[in-house]
Amino acid sequence: MIYLDNAATTRTKPPAVAQAVLEALSSYGNCGRGGHEGALSAARTIYETREKLAALLGGPRADHVCFTQNSTQALNMAISGLLGPGDHVISTDWEHNSVLRPLYRLRDMGGAVDFVPADRHGRLDYGAFESLLRPETRAVVCTHASNLTGDAVDIEWVSRFAKEHGLLFLLDASQTAGVLPVDMTALDIDAVCFTGHKSLMGPQGTGGLCLREGLEIRPFAVGGTGVRSYSETQPWEYPARLEAGTLNGHGLAGLCAALDFLAETGRETIRAWEDALARRFYEAVWNLPGVTVYGDFSSPLRASIVTLNIRDLDSAEVSDELAERFDIATRPGAHCAPRLHRALGTENQGAVRFSWSWFNTEAETDAAAEAVRILAREAAEA
Amino acid sequence: MRVRAEKCVVAFHTTAGAMAMEAACKAAELPGRLIPVPRSITAGCGLCWAAPPESREALEELVMKKHLDVVGIYAMIL
């Protein structure tokens, strides 16, 4: 199979990831529960993973990296734990449902949200940030890169805007952590939400938040932490504040190994390779008759995603044809990004998303471009 | 693109529903496969079961018997 659905999850992981999970499964106790070697092994690896993530994301402290199952859970924690009735939030049309639904729920509970609009080409209107400000605006919540088009938000600009107006800045780095540069300290980002199984190349079931010092998040869940067991309330110190219950130690061991691979290979090296493959594909398909590609490829920094449609064909049909006839895995439909699909005019058709990882090759990329060329030609002849 | 033909298509509320259908069809040795849901059923995402049109009756019986969580069963050209 030619796997080009890495924006959903990276299928090929560095070999050390599976090995680390296997070793953890046969040796770990429960992190923070007991002082025996099994529990300590788990605790040491989990702490090491916090250190590596803080270093990668420019976080201030390893103990301000709190683990969750995924980005969605991290975003829910940040949004529901920092904002409430009466608060107004500025977000964008590029958001995934992992941001949109928590914001819609906040709105239903007495908060308010406005979205910086995207135009028919998917471009954000940065001027709208200013015009959407209200006295009660408390935060900007936005993605680092669209999971639909791969276009990246100018987070330096958003950071300046948020700082200028005294707003919290919560960043969804689901599509970018480990590939695009994020320095939350330099950019005054309050919380970076990440997932372990996409560009970080770790196992599913791992994710979290990297927080600035002094950020006070109300805990989403409370429960066992392995410390202060006689207290009736959740410990207030991070990361325990946001980590009720047993962590996914086995998965985090895999994520730790993935972060080693990323550091050894180099984030920029990985970004450059994925980007080169995506642009190689883009160059081969963008001007094929009947093919519409979405997104802005003039920007040097973007996620390695190319999303397209062929004439008015159902994206589900095209994706199925790619899978069944060419053994190429892509993602059709709405990609949990309803607002951007509406802006692009693809709400009914959906779109076919191709997305790359470090482990893809030029030959796979060329085969995918050839498959699109064949399907576009056949669609024209039909 | 492949030649379109009539199919019996079963749509579900959830991915778990699609998995239950696949398991039930496999156990009952009924033909078909999971495909991305066509836009004519719903604009969005998800999976549906696509089977030869002559299997409709057997699929309906299976859905009833196993209390499978389906949105609907459609005759479609795919």
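Model, not experiment: these values are computed from the prediction. (Residues numbered from 1 in each chain as written. Chains lettered and ligands numbered in written order. Predicted model: local features only at pLDDT ≥ 70, side-chain atom pairs only at ≥ 80, totals over all residues. Heavy atoms only, no water.)

S.K.: Now, about the side chain of S315 of chain A: what can you tell me, with residues and values included?
M.R.: All names here are of chain A. Relative to the helices and strands, S315 is located in helix α9 (residues 315-326). Polar contacts involving the side chain of S315 include one to the main-chain carbonyl oxygen of Q349, which spans 2.9 Å. Not counting the four nearest positions on each side in its chain, S315 is found in contact with N309, P332, G333, Q349, G350, A351 and V352. (Helix = DSSP H or I, 4+ residues; strand = E, 2+ residues; numbered from the N terminus. Polar contact = N/O pair within 3.5 Å; in protein donor to acceptor, adjacent residues only side chain to side chain. Contact = heavy atoms within 4.5 Å.)

S.K.: With reference to specific residues and values, describe the nonpolar core.
M.R.: Residues and elements named next belong to chain A. Ranked by size, the top nonpolar core spans 54 residues in total, and within it F169 and V192 carry the most contacts. It is helix α7 (residues 249-265) that provides the largest number of residues to this core, a total of six residues. Here this core spans two domains, since at least three of its residues come from each of domain 1 (2-10 + 267-381) and domain 2 (15-265). (Core = buried A, V, L, I, M, F, W, Y, C linked by side-chain atoms within 4.5 Å. Buried < 20%, exposed > 50% of the residue type's maximum accessible area, 1.4 Å probe, protein only. Domains from an automatic or database assignment.)

S.K.: Give a detailed account of helix α11 (residues 362-381) of chain A, specifying residues and quantitative values.
M.R.: Counted at 1.5 Å a residue, the expected span for α11 of chain A with its 20 residues is 28 Å, and the 29 Å between its end C-alpha atoms agrees. Within α11 of chain A, burial applies to E364, T365, A368, A369, A371, V372, I374, L375, A376, E378 and A379 of chain A. (Expected span 1.5 Å × (residues − 1).)

S.K.: I'd like a description of the packing of aromatic side chains, backed by residues and values.
M.R.: Residues and elements named next belong to chain A. Inspection of every chain in the model, using the stated rule, returns eleven aromatic pairs over all chains. The interplanar angle of 55° and the centroid separation of 5.2 Å between the aromatic rings of F129 and W157 together place this pair among those described as tilted. Of this pair, F129 sits in helix α5 (residues 127-131) while W157 sits in helix α6 (residues 155-164), and the two are 28 residues apart along the sequence. Exposure remark for F129: the relative accessible area of 0% places this residue in the buried category. Here the aromatic cluster, defined as three or more aromatic residues joined through ring pairs, consists of Y126, F129, W157 and F161. For the cation-ring pair, R302 lies above F297, with the distance from its terminal atom to the ring centre recorded as 3.8 Å. (Phe/Tyr/Trp six-rings, centres within 6.5 Å; stacked < 30°, edge-to-face > 60°. Lys NZ or Arg CZ within 6 Å of the ring centre and 35° of its normal.)

S.K.: Please give an account of the side chain of S146 of chain A that cites residues and values.
M.R.: Residue and element names in this part refer to chain A. Of note, S146 is situated in the loop between β5 (137-143) and α6. Only 3.0 Å separates the side chain of S146 from the backbone nitrogen of T149, close enough to count as a polar contact. Non-local contacts of S146, meaning those with residues more than four positions away in its chain, are made with W94, D151, I305 and L340.

S.K.: Which residues make up the interface of chain B and chain A, and what are the values?
M.R.: Quoted interface sizes are often the accessible area lost when the parts come together. Opposite the 13 residues of chain B that make contact, chain A presents 21 residues. For the pair chain B and chain A, the summed buried surface comes to about 1,400 Å²; carbon and sulfur atoms form 49% of the total. When the buried area of chain B at its contact with chain A is split by residue, M1, R2 and R39 of chain B rank highest and sum to 53% of it. Linking chain B to chain A there are five salt bridges. (Buried area = accessible area lost by both parts, 1.4 Å probe. Salt bridge = Lys/Arg side-chain N within 4 Å of Asp/Glu carboxyl O.)

S.K.: I'd like a description of the sheet that holds strand β8 (residues 207-211) of chain A, backed by residues and values.
M.R.: Residue and element names in this part refer to chain A. On the basis of which strands lie adjacent, the open sheet formed by seven strands has the order β2-β8-β7-β6-β5-β3-β4 and mixed pairing. Edge positions in the sheet fall to β2 (65-68) and β4 (112-116), since each has one partner strand and no second. Neighbour to neighbour, the strand axes of the sheet diverge by 20° on average, direction disregarded. Across five bridges, β5 lies against strand β6 (residues 168-172) in parallel orientation. Bridge pairing in β6 places A139 opposite L168. (Pairing = 2+ DSSP bridges. Axes fitted to C-alpha atoms, helices over the stretch in contact; angles between N-to-C directions.)

S.K.: Which residues make up the sheet that holds strand β12 (residues 352-355) of chain A, and what values do they have?
M.R.: Residue and element names in this part refer to chain A. If you walk across this open sheet you meet the three strands as β9-β10-β12, and the pairing is antiparallel. Of all strands in the sheet, those bounded by a partner on one side alone are β9 (291-294) and β12. Across the sheet, the mean angle separating the axes of adjacent strands is 30° when strand polarity is ignored. One ladder, built from four bridges, connects strand β10 (residues 305-310) with β12; its direction is antiparallel. Paired with I305 across the two strands is S355, which belongs to β12. On top of the sheet, α9 reaches β10 and β12; it is set at about 45° to β12, its chief contact.

S.K.: Report on the environment of T206 of chain A, specifying residues and quantitative values.
M.R.: Residues and elements named next belong to chain A. With respect to the helices, strands and loops of the structure, T206 is situated in the loop between β7 (191-195) and β8. On the accessibility criterion, T206 (0% relative accessible area) is buried. Separated by 130 residues in the primary sequence, T206 and C336 have C-alpha atoms spaced 20 Å apart. Contact partners of T206, with chain neighbours within four places excluded, come to T68, Q69, N70, T195, G196, H197, N248, G251, L252 and L255.

S.K.: A description of the packing of helix α2 (residues 37-57) of chain A against α7 of chain A should follow, citing residues and the corresponding values.
M.R.: For any two helices packed against each other, one specifies the crossing angle of their axes together with the interaxial distance. Residue and element names in this part refer to chain A. Relative orientation of the contacting elements α2 and α7 amounts to 40°, with a least axis distance of 9 Å. In terms of orientation, α2 and α7 fall into the oblique class. Between α2 and α7 lies a crossing of left-handed hand. Residue-level contacts link T45, I46, E48, T49, K52, L53 and L56 of α2 to G249, L252, A253, L255, C256, L259, D260 and L262 of α7. (Parallel < 35°, antiparallel > 145°, perpendicular 65-115°, else oblique. Left-handed = near helix turned anticlockwise from the far one by under 90°.)

S.K.: Which residues make up the pairing of strand β3 (residues 88-92) of chain A, and what values go with them?
M.R.: All names here are of chain A. Counting buried positions over the five residues of β3 gives five, a clear majority of the element. Relative to β4, β3 runs parallel, the two being bridged by five bridges. Note on β4: the bridge partner recorded for S91 is F115. The parallel pair β3 and β4 is bridged by helix α4 (residues 97-108), and the resulting crossover is right-handed. Where β3 lies against β5, three bridges are found, and the strand directions are parallel. Looking at β5, one finds that H88 is bridged to T137. (Right-handed = clockwise from strand over helix to strand, strands pointing away.)

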